[in-house]
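Close look at the chain arrangement
Residue-level listing of the chains:
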Amino acid sequence: MKGTRVVVTGGAGFIGSYLCERLLRRGAAVVCMDNFLTGSPRNVEHLIGRPAFRLVECDLTEFVHVSGTVDLVLHFASAASPADFLRHPIETLKVGAIGTLHALGLATEKGARFVLASTSEVYGDPLEHPQKETYWGNVNPVGPRSVYDEAKRFAESLTTAYRVSRGAGTGIVRIFNTYGPRMRPHDGRAIPTFIRQALLGEPITVTGDGSQTRSICYVDDTVDGVLALAGSDVTGPVNIGNPVEMSMAELAGTIRDLTGSSSPIRFVERPVDDPAVRRPDTSLAESLLGWRPRVDPVSGLRRTIEWFEEELGSPRSALAH
Ligand code: NAD
């Protein structure tokens, strides 16, 4: 990565900010583009002022221009938490479609490699378990989650069309649930919600009967996987996630234990089209990229809980709103 110039769209978001940081550490110059819809300049404030880092406020769905050379475009702009994409349905569809078109246009114009951040949500409520890249998915095209799932499916299709018909150097990563420090306490995803509730001593709200499963991947591992694919000529899609699978009730119990909380677990209504199971088959990432996750869920959750405690100072007041 040394000496390369990388554009990270959505770079002021949760995963994007770690990508910017890691790329700078590896000696790359980084242009971080974000409209701060769900991200914040705060996520990259420690990078501002470094000569190799540039933060550009821009909406990817508008005209996009970057002067100078670009070697790699990491396209991570998109609301990602269900609460966010349900609040911003049109914006989510637009950034997945028009934003991806613009990011691909930029990569093509510069002769840069392009990597799309796709998602396990392209598998929908999967009928195949664990999910392999060859599985086509089970998505309700008019359900509430479709604004995200279908936008990403379209983005995968567009990325593939640019590769096949225009010879663009592209790669697709299908990222499974990623967590870690810098997630917003109120972003609506299970881990920040459970940690916030546990630290506040509030009931931990598990949806449905809590038997639905997820596989959670620590952000450092996800970033390693993304950069391994970016540095290769693998086209993908390639699953990046941690295959350790747990039920939501188990996850809530683990977080309660790790925080030392006595919060009760409360079961609440399950969202429409919520996937029943989710676990990546990561054999392709292992064989093509030599990548596998290293951080076990308990260590990753410990680090995340520590960050939430520290960041929010006095959790009992700061987390309350
Ligand atoms: P995030 O919401 O923290 O980051 C997304 C960033 O994109 C934000 O900073 C937001 O402001 C920016 N953005 C949104 N629309 C934009 C637009 N039109 N123009 C410019 N910037 C825009 O989410 P995240 O969890 O960091 O996810 C990052 C990417 O990874 C997303 O593309 C998401 O689909 C993908 N992904 C994440 C996960 C996960 O578990 N976190 C899983 C699968 C895929």
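Report on the accompanying structure. (Residues numbered from 1 in each chain as written. Predicted model: local features only at pLDDT ≥ 70, side-chain atom pairs only at ≥ 80, totals over all residues. Heavy atoms only, no water.)

**Points about the overall build of the protein**
Within the protein, the secondary structure is distributed over 10 helices and 13 strands. Whereas a compact globule of 321 residues would reach a radius of gyration of roughly 20 Å, the protein reaches 19 Å, a difference of no more than 12%. When the backbone C-alpha atoms are referred to their principal axes, the protein occupies close to 55 × 45 × 35 Å. The buried share of the protein, reckoned over its 321 residues, is 53%. A separation threshold of at least 6 residues defines the contact pool for the protein, and within that pool the share at least 24 residues apart is 81%. Accessible area for the protein stands at about 13500 Å²; split by element, carbon and sulfur atoms hold 52% of it. Side chains of the protein give 34 positive and 37 negative charges; the mean places of these two sets differ by 4 Å. (Helix = DSSP H or I, 4+ residues; strand = E, 2+ residues; numbered from the N terminus. Rg over C-alpha atoms; globule rule 2.2 N^0.38 Å. Buried < 20%, exposed > 50% of the residue type's maximum accessible area, 1.4 Å probe, protein only. Contact = heavy atoms within 4.5 Å. Areas by Shrake-Rupley, 256 points an atom, 1.4 Å probe, with all protein chains shown as cover. Lys, Arg positive; Asp, Glu negative; His and termini not counted. Charge placed at Lys NZ, Arg CZ, Asp CG, Glu CD.)

**Digging into the sheet that holds strand β1 (residues 5–9)**
As summarised here, the arrangement of the seven strands in space is β3-β2-β1-β4-β5-β6-β11, forming an open sheet in which the pairing is parallel. If you trace the sheet from one side to the other, it starts and ends with β3 (53–57) and β11 (238–240), each paired once. This sheet shows a mean twist of 20° between the axes of neighbouring strands, independent of strand direction. In this fold helix α6 (residues 219–230) packs onto β4 (72–75), β5 (113–119), β6 (170–175) and β11, with an angle of close to 160° to the strand it touches most, β6. (Pairing = 2+ DSSP bridges. Axes fitted to C-alpha atoms, helices over the stretch in contact; angles between N-to-C directions.)

**Here we look at unusual backbone geometry**
That bond from histidine 129 to proline 130 is cis: its omega, -5°, falls within 30 degrees of zero. Put simply, glycine 236 and proline 237 share a cis peptide bond, and its omega is 5°. In this fold, proline 237 is placed in the loop between α6 and β11. We note that arginine 182 has phi near 85°; this positive angle belongs to a residue other than glycine. Checked against the element boundaries, arginine 182 lands in the loop between β7 (178–179) and α5 (190–200).

**Side note on the packing of aromatic side chains**
Counted by the stated rule, this structure contains six aromatic pairs. Between the aromatic rings of tyrosine 179 and tyrosine 218, the centroid separation amounts to 5.6 Å while the plane-to-plane angle is 70°, which identifies the pairing as edge-to-face. Taken together, the positions of tyrosine 179 in strand β7 and tyrosine 218 in strand β10 (residues 217–218) put the pair 39 residues apart, joining distant regions of the chain. Of the residues examined, tyrosine 218 reaches a relative accessible area of 5% and is grouped as buried. An angle of 85° between the planes, with centres 5.3 Å apart, marks the rings of tryptophan 307 and phenylalanine 308 as edge-to-face. The buried category is assigned to phenylalanine 308, whose relative accessible area is 0%. The rings of Tyr123, Tyr135 and Phe176 are connected pair by pair, giving a single aromatic cluster. Against the face of tyrosine 162 rests arginine 166, its NZ or CZ located 4.9 Å from the ring centre. (Phe/Tyr/Trp six-rings, centres within 6.5 Å; stacked < 30°, edge-to-face > 60°. Lys NZ or Arg CZ within 6 Å of the ring centre and 35° of its normal.)

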